Amino acid sequence: SPAYAACKARIRDHLAGLEPSVRESIACIYGHDVDPTLPFFFRKPARKIILLRNPADRLVSHYNYDRYAFESGRRDSATLGAFFARDGEAFPSFEEYCDIVPRNYMLRLVMERYLGEAIGARGVDEPHLRKGKLALGDFYFVGLTERYERDALYLYRELGIRRFFGRQNVSS
């Protein structure tokens, strides 16, 4: 989306403008969609980490987020921009929403963000599943959001991180 691209560009510009010593002092960059090109800004090797989410929980959360964004007049969600751009439309029921949004979100995320391969409307097939599984092998850590507290504590201990934020999800 244009908003995602603009955010990535701002982060790259910020990193490029930092003194090398300041840039090298950064221990962790995290977020929903971390730009996979960011490791090129650092001399030390990057460790990729991903937290996958139960597909049903993710769908409910995404529905709640999109419904809130729609009802509050925001149009920055990719789903809203693609499907609900016209003013005056009613937001769909959960059942209708499930028929509209693409399936296999977590696999699509891995394929598109980390492998640069868009699945698009054609759907997921066996080669996509194989590539997705192989891609997960490149990650230092693969966790689950449903086990966030346990997975995060383990990961933070492994990385030597002593300060962190607890789980926060508006759909919980």
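Keep in mind it's a predicted model, so treat the numbers as computed, not measured.

Visitor: With reference to specific residues and values, describe the overall build of the protein.
Guide: Assigned secondary structure in the protein consists of eight helices and two strands. When the helices and strands of the protein are read in sequence order from the N terminus, they spell out α-α-β-α-α-α-α-α-β-α. In the protein, which comprises 172 residues, the share counted as buried stands at 28%. Across the protein, contacts joining residues at least 24 apart in sequence account for 47% of those joining residues at least 6 apart. Entry remark: accessible area of the protein is about 11,800 Å², with carbon and sulfur atoms responsible for 56%.

Visitor: Which residues make up helix α3 (residues 55–71), and what are the values?
Guide: Three- or four-residue spacings in an α-helix give side chains the same orientation, since the helix completes a turn every 3.6 residues. Between its terminal C-alpha atoms α3 stretches 24 Å, which fits the 24 Å expected from 17 residues at 1.5 Å a residue. Every buried residue of α3 is accounted for by R58, L59, S61, H62, Y63, D66, A69 and F70. Looking at where α3 begins, the residue whose side-chain oxygen comes 2.8 Å from the main-chain nitrogen of A56 is N54. Remark: G73 follows α3 within two positions and exhibits a positive phi of approximately 85°.

Rules of the game
- Residues numbered from 1 in each chain as written.
- Predicted model: local features only at pLDDT ≥ 70, side-chain atom pairs only at ≥ 80, totals over all residues.
- Heavy atoms only, no water.
- Helix = DSSP H or I, 4+ residues; strand = E, 2+ residues; numbered from the N terminus.
- Buried < 20%, exposed > 50% of the residue type's maximum accessible area, 1.4 Å probe, protein only.
- Contact = heavy atoms within 4.5 Å.
- Areas by Shrake-Rupley, 256 points an atom, 1.4 Å probe, with all protein chains shown as cover.
- Expected span 1.5 Å × (residues − 1).
- Polar contact = N/O pair within 3.5 Å; in protein donor to acceptor, adjacent residues only side chain to side chain.

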